[in-house]
Amino acid sequence: MEKDAKTLKEELFMKKKNAYEVMTDEDKAAMEEYAKEYMWFLDNAKTEREAVKTGIEMLTKAGYAEYHLGDKIEKGGKYYLNNRGKALYAFRIGSENLENGIRISASHIDSPRIDLKPNPLYEDGGIGYFKTHYYGGIKKYQWLAMPLALHGVVVKKGGETVDICIGDKDTDPVFYISDLLPHLAKDQMARNLREAIPGEKLNIIIGSTPYDDSADGGVKLHMMQILNEKYGIVEKDFLSAELSIVPAFNAREIGFDRSLIGAYGHDDRVCSHPALRALLDTEGSVHTVLAILADKEEVGSGGNTGMQSGIFLDLIDEMSKNLGANFNVVKNNSKCLSADVNAAFDPNFPEVHDSKNACTINGGVVLTKYTGSGGKGGTNDASAEFVGFVADIFDEEEVLWQTGELGKVDQGGGGTVAIYISSKNIDVVDLGVPVLSMHAPYECISKADLYMTYKSFCAFNKH
Ligand code: MN
Ligand code: MN
């Protein structure tokens with residue numbers, strides 16, 4: 001034997017590292033700076049529409065110009081396409097031939113929430129309410145008995161759009177869904193969590209005082225009168241509105257050491273912000289880089305603002321035409337990080353994970369080869385070649401990365417936008433941040449993982 005076992009182990013075995021083992025003091029300072037900007041983004045981007053607006057603010061500052069399909073695209077140009085106010089395609093044309101492919105990071109900016117129904121306003125028992133229909137995979141019981149905010153738009157007769165955003169400032173009123181007191185919850189507590197709170201009970205309390213003391217001057221009229229006074233809307237306008245109920249609290253640091261961030265909507269703003277920031281911070285790259293902030297991922301990526309929308313290929317087609325490149329070759333040579341979160345190993349619920357394959361908090365950015373459920377149903381399952389390509393880049397650029405799986409086999413599972421991009425003949429792998437309490441009103445991530453994710457996008461854009 002030439003080598004002892006210890007040496008051989010070090011040479012042959014994979015060693016999982018913690019970000020705090022590898023980060024320099026410089027890294028830690030940069031991480032804190034990064035976390036601050038990210039928390040600002042979170043508080044200003046609780047819905048996809050707000051994320052698009054905030055994203056455009058960042059892009060405009062960095063010299064990106066608004067692009068519409070059909071506009072001219074030039075080498076070295078920096079553009080963004082705002083798709084109906086709900087999805088954003090930001091891109092910079094590199095110096096190399098477009099046929100070498102595009103570096104794409106695709107994240108999503110919609111998050112699980114509670115939407116208002118088209119006819120939401122009513123009163124019952126002297127209380128004013130909005131009826132709702134939840135959006136995405138929520139655990140309904142988590143949304144009761146806590147402060148909620150109302151965000152969205154109303155399109156009035158004639159087409160004028162009114163923005164509504166109320167509940168986030170300390171001086172704003174909030175909204176509320178009541179829950180049963182434990183003293184009277186005998187039947188409710190006996191039901192399972194899925195059935196304990198039926199969807200039709202997610203009614204939002206919006207007020208309690210009548211317009212006047214006449215027979216027909218009730219609470220519903222008073223609420224409508226306030227809305228009319230404040231926003232100029234009438235009841236019929238709710239039909240042409242997109243109004244969402246989101247948690248009223250803002251992003252906060254978690255822990256004595258402030259190493260974690262609690263917020264609504266980390267999934268998937270924790271990848272959207274790094275994707276956008278990395279686009280802005282890798283101007284020296286020869287590649288054409290595209291950051292996508294898509295809508296509708298939480299409900300299957302459909303619709304014309306979701307990742308399955310034809311606008312994605314239309315944009316690549318426009319780039320190809322303008323730069324004299326072959327569209328099919330551009331796609332074939334493009335590479336994409338499907339930027340989405342993964343379930344962090346939760347020591348409180350170890351039974352749902354395979355600890356040897358789950359990602360961990362502070363373990364770095366997660367490279368997820370496949371998602372799906374059951375026998376990898378609905379997965380992209382990135383090729384070994386592409387995973388190897390990406391892993392080499394991360395190692396070279398000293399990005400701490402780890403592998404991940406969405407829960408143990410047959411525990412459940414889920415998907416991302418990866419399949420909708422890879423099906424267009426583009427290499428794709430899932431990459432993102434480990435999250436605790438994913439899809440809860442208040443999710444938890446680590447600053448170190450956030451920072452490593454930002455670094456991973458930068459490395460990918462450059463190589
Ligand atoms: Mn997601
Ligand atoms: Mn999700």
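Model, not experiment: these values are computed from the prediction. (Residues numbered from 1 in each chain as written. Chains lettered and ligands numbered in written order. Predicted model: local features only at pLDDT ≥ 70, side-chain atom pairs only at ≥ 80, totals over all residues. Heavy atoms only, no water.)

When helices and strands are tallied, the protein chain shows 13 helices and 22 strands. In summary, the protein chain has a C-alpha radius of gyration of 24 Å against a globular reference of 23 Å for 463 residues, a match within 12%. Counting only C-alpha atoms, the protein chain reaches 90 × 55 × 45 Å along its principal axes. In the protein chain, which comprises 463 residues, the share counted as buried stands at 52%. Considering only residue pairs separated by 6 or more positions, the protein chain has 75% of its internal contacts joining residues 24 or more positions apart. Side chains of the protein chain carry 50 positive and 69 negative charges; the gap between the two charge centres is 1 Å. (Helix = DSSP H or I, 4+ residues; strand = E, 2+ residues; numbered from the N terminus. Rg over C-alpha atoms; globule rule 2.2 N^0.38 Å. Buried < 20%, exposed > 50% of the residue type's maximum accessible area, 1.4 Å probe, protein only. Contact = heavy atoms within 4.5 Å. Lys, Arg positive; Asp, Glu negative; His and termini not counted. Charge placed at Lys NZ, Arg CZ, Asp CG, Glu CD.)

Here we come to the pairing of strand 4 (residues 102-108). Across the seven residues of strand 4, seven count as buried, placing the element largely inside the fold. The side-chain alternation of strand 4 yields two buried faces, one formed by Ile 102, Ile 104, Ala 106 and His 108 and the other by Arg 103, Ser 105 and Ser 107. Here strand 4 pairs with strand 13 (residues 288-294) via seven bridges, running parallel. Counterpart to Ile 104 in the pairing with strand 13 is Leu 290. (Pairing = 2+ DSSP bridges.)

A word on the coordination of the manganese ion (ligand 2). Donor atoms from the polypeptide that bind the manganese ion (ligand 2) are Asp 267 (OD), Glu 298 (OE), Glu 298 (OE) and His 439 (NE2), placed at 2.0 to 2.6 Å. Site description for the manganese ion (ligand 2): donor spacing in sequence, D-x30-E-x140-H. Between the manganese ion (ligand 2) and the manganese ion (ligand 1), a separation of 3.3 Å is found, and both are coordinated by Asp 267. With a gap of 31 residues between them, Asp 267 in helix 8 (residues 266-281) and Glu 298 in the loop between strand 13 and helix 9 (311-322) connect regions that are remote in the sequence. (Donors = N, O, S within 2.8 Å, 3.2 Å for Na, K, Ca; no water.)

The end-to-end C-alpha distance of helix 13 (residues 447-462), which contains 16 residues, comes to 23 Å, matching closely the 22 Å that a straight helix rising 1.5 Å per residue would cover. Of all the 16 residues making up helix 13, 15 are buried; the element is thus mostly covered by neighbouring parts of the structure. Measuring from the side-chain oxygen of the N-cap residue of helix 13 to the backbone nitrogen of Ala 448 gives 3.3 Å; that N-cap residue is Ser 446. (Expected span 1.5 Å × (residues − 1). Polar contact = N/O pair within 3.5 Å; in protein donor to acceptor, adjacent residues only side chain to side chain.)

As a further point, take the packing of helix 3 (residues 25-43) against helix 8. Orientation of helix 3 relative to helix 8, taken along the N-to-C sense of each, is 120°, at an axis distance of 10 Å. When the axes of helix 3 and helix 8 are compared, the pair comes out oblique. Crossing geometry of helix 3 relative to helix 8 is assigned as right-handed. In this structure, helix 3 uses Tyr 34, Glu 37, Tyr 38, Phe 41 and Leu 42 to contact helix 8, whose residues at the interface are His 266, Arg 269, Val 270, His 273, Pro 274 and Arg 277. Of the residues belonging to the contact of helix 3 with helix 8, the class tally is six nonpolar, two polar and three charged. (Axes fitted to C-alpha atoms, helices over the stretch in contact; angles between N-to-C directions. Parallel < 35°, antiparallel > 145°, perpendicular 65-115°, else oblique. Left-handed = near helix turned anticlockwise from the far one by under 90°. Nonpolar A, V, L, I, M, F, W, Y, C, P; charged D, E, K, R; others polar.)

Counted by the stated rule, this structure contains 27 salt bridges. For the salt bridge of Arg 113 with Glu 48, the shortest nitrogen-to-oxygen distance reads 2.9 Å. Of the two residues, Arg 113 is situated in strand 5 (residues 113-124) and Glu 48 in helix 4 (residues 48-61); the sequence distance between them amounts to 65 residues. No difference in accessibility class separates Arg 113 from Glu 48, as the two residues are buried. (Salt bridge = Lys/Arg side-chain N within 4 Å of Asp/Glu carboxyl O.)

Attention now goes to the domain arrangement of the protein chain. Segmentation of the protein chain into domains returns domain 1 (5-111 + 264-462) and domain 2 (114-247). If you look at the interface, domain 1 gives 16 residues, while domain 2 gives 14 residues. Both faces combined, the contact of domain 1 with domain 2 buries some 1,300 Å², and carbon together with sulfur accounts for 53% of it. At the boundary of domain 1 and domain 2, one finds four salt bridges. (Domains from an automatic or database assignment. Buried area = accessible area lost by both parts, 1.4 Å probe.)

Note that Ser 334 resides in the loop between helix 10 (327-332) and strand 14 (335-339). Among the polar contacts listed, one links the side chain of Ser 334 to the backbone nitrogen of Ile 102, at a separation of 2.8 Å. Beyond its immediate stretch of four places on either side in the chain, Ser 334 contacts Gly 101, Ile 102, Ile 104, Ile 426 and Asp 427.

Along the chain, the position of Tyr 420 falls in helix 12 (residues 418-422). Separated by 397 residues in the primary sequence, Tyr 420 and Met 23 place their C-alpha atoms 35 Å from one another. In contact with Tyr 420, other than residues within four places in its own chain, are Gly 300, Ser 301, Met 307 and Gln 308.

It is worth spelling out the coordination of the manganese ion (ligand 1) at this point. For the manganese ion (ligand 1), the full set of protein donor atoms is His 108 (NE2), Asp 267 (OD), Asp 340 (OD) and Asp 340 (OD), at a range of 2.1 to 2.5 Å. Mapped onto the sequence, the residues coordinating the manganese ion (ligand 1) show the spacing H-x158-D-x72-D. On the basis of relative accessibility, which here comes to 8%, the residue Asp 340 falls in the buried class.

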